[in-house]
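What follows is each chain in one-letter form.
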Amino acid sequence: QVQLAESGGALVQAGSSLRLSCTASGTTFGSQAMGWFRQAPAKEREFVAALRWGGDSTYYSDSVKGRFIISKDNAKSTMYLQMNSLKPEDTAVYYCAAGAYIFESTIKKSQMYRYWGQGTQVTVSS
């Protein structure tokens, strides 16, 4: 079992930067995948970025590639999402998620993640 908690969301202007944090507790999970997803009003939850806790691979959606950076601190059991050059289209509730035994072909699928945080609101004004 894993418990996740996000923080760092805010209301910012277009072009600004934010860093989101997700702290995990409950178990050790050196081989798990962790990711960030977002959900805007009246839209489905969408993949943003992901990593493998025990490795170096990272994954990004096309819409954030080159602007966002996902990272982790294993000692602190914390994952981060550095968001740069924010756009109004980035406005959403951002969720962190964790799962085990997620293959390469499905790491971008929200259905593969068992554990979810409560979400943190990011609002980008135009």
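Here is what the cut-offs are and how they apply
Residues numbered from 1 in each chain as written. Predicted model: local features only at pLDDT ≥ 70, side-chain atom pairs only at ≥ 80, totals over all residues. Heavy atoms only, no water. Pairing = 2+ DSSP bridges. Helix = DSSP H or I, 4+ residues; strand = E, 2+ residues; numbered from the N terminus. Axes fitted to C-alpha atoms, helices over the stretch in contact; angles between N-to-C directions. Core = buried A, V, L, I, M, F, W, Y, C linked by side-chain atoms within 4.5 Å. Buried < 20%, exposed > 50% of the residue type's maximum accessible area, 1.4 Å probe, protein only. Contact = heavy atoms within 4.5 Å. Phe/Tyr/Trp six-rings, centres within 6.5 Å; stacked < 30°, edge-to-face > 60°. Lys NZ or Arg CZ within 6 Å of the ring centre and 35° of its normal.

Chemist: How do you make sense of the sheet that holds strand β8 (residues 78–83) when you look at a structure like this?
Modeler: Adjacent strands of a sheet pair through backbone hydrogen bonds, lying either parallel or antiparallel. Taken together, the four strands give an open sheet; going across it, the order is β1-β3-β8-β7, and neighbouring strands pair in antiparallel fashion. Strand pairing shows two members of the sheet lacking a second neighbour, β1 (3–7) and β7 (68–73), which therefore form its edges. Taken over all neighbouring pairs, the strand axes of this sheet differ in orientation by 15° on average, direction set aside.

Chemist: I tried to follow the nonpolar core on my own but got confused; where do I start?
Modeler: Side chains that are nonpolar tend, in soluble globular proteins, to be buried together. Counting 29 residues, the largest nonpolar core has L4, W36, M79, L81, M83 and Y94 as its most contacted members. Looking at this core, the elements that each hand over two or more residues are β3 (18–25), β4 (33–39), β5 (46–52), β7, β8, β9 (92–99) and β11 (120–125). Excluding anything up to four places from it in sequence, M83 contacts S16, S17, L18, L20, R67, F68, Y94 and V122. With nine residues, the next largest nonpolar core counts F37, F47, Y59 and I107 among its residues.

Chemist: Would you explain the packing of aromatic side chains in this entry?
Modeler: In the structure shown here, the tally under the stated rule is five aromatic pairs. Taking the centre distance of 5.2 Å and the plane angle of 55° together, the rings of F37 and W116 count as tilted. Remark: W116 occurs in strand β10 (residues 115–116) and F37 occurs in strand β4; sequence separation between them is 79 residues. Centre to centre, the rings of Y113 and W116 are 6.4 Å apart; their planes meet at 65°, and the pair counts as edge-to-face. Here W116 falls in the partly exposed class, since its relative accessible area comes to 26%. Cluster of aromatic residues (ring-pair linked, three or more members): F37, F47, Y95, Y113 and W116. One cation-aromatic arrangement involves R45 over Y95; the distance from NZ or CZ to the ring centre is 3.8 Å. Just above the ring of W53 sits the side chain of K72; from NZ or CZ to the centre is 5.8 Å.

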